[in-house]
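# Structure assessment
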Amino acid sequence: MRRKYRKILSLLSAFVLFMSIFAGPVGGQASASGTKDRMVNVSKQIDTKQKISGDLQKKFDKNKKVQFLVLLKEQADTQKVAKNAKASAASKKLSAYSTKNLVRSAVITELKATADMTQGRILDFVESEKDKGNVAEFESFYVVNAIAITGTKEVMEKIATFDEVDKIVPDE
């Protein structure tokens, strides 16, 4: 439930920020539609064991819960979004300042939309594990599309089985 409200608030905030830049619509160039053509697959499917850093495995020898980063495969294509936003601004003959704000808003909106689309299953799993006491804390990041988690080795290994996950490394 908390995740649902957080997601709605995030999307609403991005929308308000985006709309505050203009008096009129942008023509969809900076929308958070989340279509596949605006995503970049940054990694091939690899074996679950290869997703987990060896250094991270060693940290679990000393501690029951360790802080680690889950890096996701899908990353927003920020260059494409910025290029589309610039083209939209040029067609509307916006000032340099408005163009800069449009591009910034479009990129941030796309980064948040990508994170919302790809992190959902993992965040739901992590929340359920937190209720069980297997996760101490976690935080979602949209700029790099990653999740920082302090949890058990079992949680880390289960997360590695998710298709969305590129790799899991120590959070240092």
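The present account deals with the structure reproduced in this document. Predicted model, so just to flag it, every value in this text is computed and none were measured. (Residues numbered from 1 in each chain as written. Predicted model: local features only at pLDDT ≥ 70, side-chain atom pairs only at ≥ 80, totals over all residues. Heavy atoms only, no water.)

Moving on: helix H4 (residues 78-91). The end-to-end C-alpha distance of H4 is 20 Å, a good match for the 20 Å that 14 residues give at a rise of 1.5 Å each. For H4, the set of buried residues is Val81, Ala82, Ala85, Ser88 and Ala89. When H4 is viewed along its axis, its buried side chains cluster within an angular range of 125° and face the same direction. For H4, the exposed residues lying more than 90 degrees away from the buried face are Gln79, Lys83, Ala90 and Ser91. The inward-facing, buried residues of H4 contact helix H5 (96-132). Where H4 ends, the next residue or the one after it, Lys93, has phi of about 55°, a positive value. (Helix = DSSP H or I, 4+ residues; strand = E, 2+ residues; numbered from the N terminus. Expected span 1.5 Å × (residues − 1). Buried < 20%, exposed > 50% of the residue type's maximum accessible area, 1.4 Å probe, protein only. Arc of directions from axis to C-beta. Contact = heavy atoms within 4.5 Å.)

Turning our attention to the side chain of Thr152. Secondary-structure assignment places Thr152 in strand E5 (residues 146-152). Assessed through its relative accessible area of 3%, Thr152 is described here as buried. Setting aside residues no more than four positions away along its own chain, Thr152 makes contact with Phe60, Lys64, Lys65, Phe68 and Asn134.

Attention now moves to the environment of Val144. Among the secondary structure elements, Val144 is positioned in the loop between strand E4 (135-141) and E5. The partly exposed category is assigned to Val144, whose relative accessible area is 47%. Placed 33 residues apart in sequence, Val144 and Leu111 show a C-alpha to C-alpha distance of 8.2 Å.

Attention now moves to H5. Helix length check: H5 (37 residues) gives 52 Å between terminal C-alpha atoms against 54 Å at 1.5 Å per residue, within 8%. When the local axis directions of H5 are compared, the greatest deviation, roughly 55°, occurs at Gln119. Of the residues trailing H5, Gly133 is marked for its positive phi of about 90°. (Bend = angle between axes of the 7 residues up to and from the residue.)

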